[in-house]
Amino acid sequence: MKGRIRVLEADITTLEVDAIVNAANESLLGGGGVDGAIHDAAGPRLRAHNRTLDGCPTGQAKITPAFDLEPRGVRHIIHTVGPVWNSDPMASEDDGLGERLEDVQLASCYVRSLELAAEAGCRSIAFPSISTGAYGFPPDRAARIAVGHVRSWVEREAQPEEVVFCVFDGATGERYRQLLGGDDLVRLGRR
C-alpha cells in the first residue's frame, strides 16, 4: 500500500491522472466550488453530455469522458454526489462515526468512485474532499471516512494503482497525512 496513496495541495483540474472525481450535485450539471471548476475546465461538452445522464442520487457515482481535460492526460471524470450534513432525520449529535446515514453515503461516494475507476481501467484517480464545502460535512469526520475506505480499497484491489487526495489548503492536507500515518480510521459497512 505504501506509495499508492498521496496527498497533494493543488487544483484538481491541473493533475495528470486518469480520472478526477467531481464533488457534484444531483443534477450533474455543474455548481460552485470543485464542481464549477471541473465543469469550467472540461468545457461545455461536459454539461451537454451530463444532461443525458438523468442525474445521480446521493452516495452514487457516474463516469463521463473528460472532454477538454483530455489533453492534460485526464481520461474520465467520475461524478459523485456527497451527502448534505444534517440531512439524516434520525441522526443525533451523540452518533458515533459510521452511525449516521450521511457517513454511509459519504463512504459509498468513495467506494463507488473507485469501482468505476477500476472498471474503466484507470491507473490513477484524484479525489477532492467530498461534501466538506457547501454541503457542510465536518472535515475531520469526512477525512476519517475517506482515508479509511480508500486505504481498505488499495489493500484489496490492484486498480487504481495510485490514489490522490487533492486538497486546497495545508490544514486539510495535514489532516489527511496524519490519518494516512495512523490508525484513527473508519471503514463503514452498508446499512
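Before any of the text, the structure's been laid out above.
Quick caveat, the model's predicted, so the values are computed rather than measured.

A few words on the layout of surface pockets. What the largest pocket holds in volume is close to 470 Å³. Ala23, Val34, Ser129, Gly133 and Ala134 are the residues nearest the centre of the largest pocket, which is lined by 26 residues in total. If you list the elements that add at least two residues to the lining of the largest pocket, you get β2 (19-24), α1 (33-42), β6 (162-167) and α5 (170-181). Top contributing element to the lining of the largest pocket by residue count: α1, with three residues. Class assignment for the residues of the lining of the largest pocket results in 13 nonpolar, ten polar and three charged.

Each aromatic ring pair is specified by the distance between its two centres and by the angle formed by the two planes. Considering all chains together, one arrives at four aromatic pairs under this definition. A ring pair is formed by Trp85 and Phe137, whose centres lie 4.9 Å apart and whose planes are at 65 degrees; its orientation type is edge-to-face. With a gap of 52 residues between them, Trp85 in the loop between β4 (76-81) and α3 (101-119) and Phe137 in the loop between β5 (124-127) and α4 (139-156) connect regions that are remote in the sequence. For the pair formed by Trp85 and Phe137, the shared burial category is buried. Seen in terms of ring centroids, Phe165 and Tyr176 are 4.7 Å apart; in terms of plane orientation they differ by 35 degrees. Their pairing is tilted. Here Phe165 is found in strand β6, whereas its partner Tyr176 is found in helix α5, with eleven residues between them in sequence. As far as the burial class goes, Phe165 and Tyr176 line up, both buried. Put simply, the rings of Tyr110, Phe127, Phe165 and Tyr176 pair up and form one aromatic cluster. Across the ring face of Trp85, the terminal group of Arg100 is positioned such that the distance to the ring centre comes to 3.9 Å.

What counts, and at which threshold
Throughout this document, residue positions are counted from 1 along each chain, in the order its sequence is written. Selection of residues for local features in this predicted model requires a pLDDT of at least 70, selection of side-chain atom pairs for listing and counting requires 80 or more, and totals for whole chains, interfaces and linings are taken over all residues. With hydrogens and water set aside, each side-chain value is computed from the structure's full complement of heavy atoms. A pocket, in this scheme, is an open set of points on a 1 Å grid over the protein atoms alone with protein on both sides within 12 Å along at least 5 of 7 lines, while a cavity is a set where a 1.4 Å probe fits but cannot get out; residues line either one if an atom lies within 4 Å of a point. Grid points are joined across faces, edges and corners, and a volume is the space filled by probe spheres set on the points. Under the scheme used here, helices are H or I runs from DSSP no shorter than 4 residues and strands are E runs no shorter than 2 residues, and both carry numbers assigned from the N terminus. Throughout, the ten residues Ala, Val, Leu, Ile, Met, Phe, Trp, Tyr, Cys and Pro are labelled nonpolar, Asp, Glu, Lys and Arg are labelled charged, and all others, Gly among them, are labelled polar. To pair, rings of Phe, Tyr and Trp, with the six-membered ring standing in for Trp, must have centres within 6.5 Å; the planes then decide the type, stacked if under 30 degrees apart, edge-to-face if over 60, and tilted in the middle. We call a residue buried when its accessible area falls under 20% of the maximum for its residue type, exposed when it is over 50%, and partly exposed in between, using a 1.4 Å probe and counting protein chains only. Comment: the charge-over-ring label is applied if NZ (Lys) or CZ (Arg) is within 6 Å of the ring centre and within 35 degrees of the ring normal.

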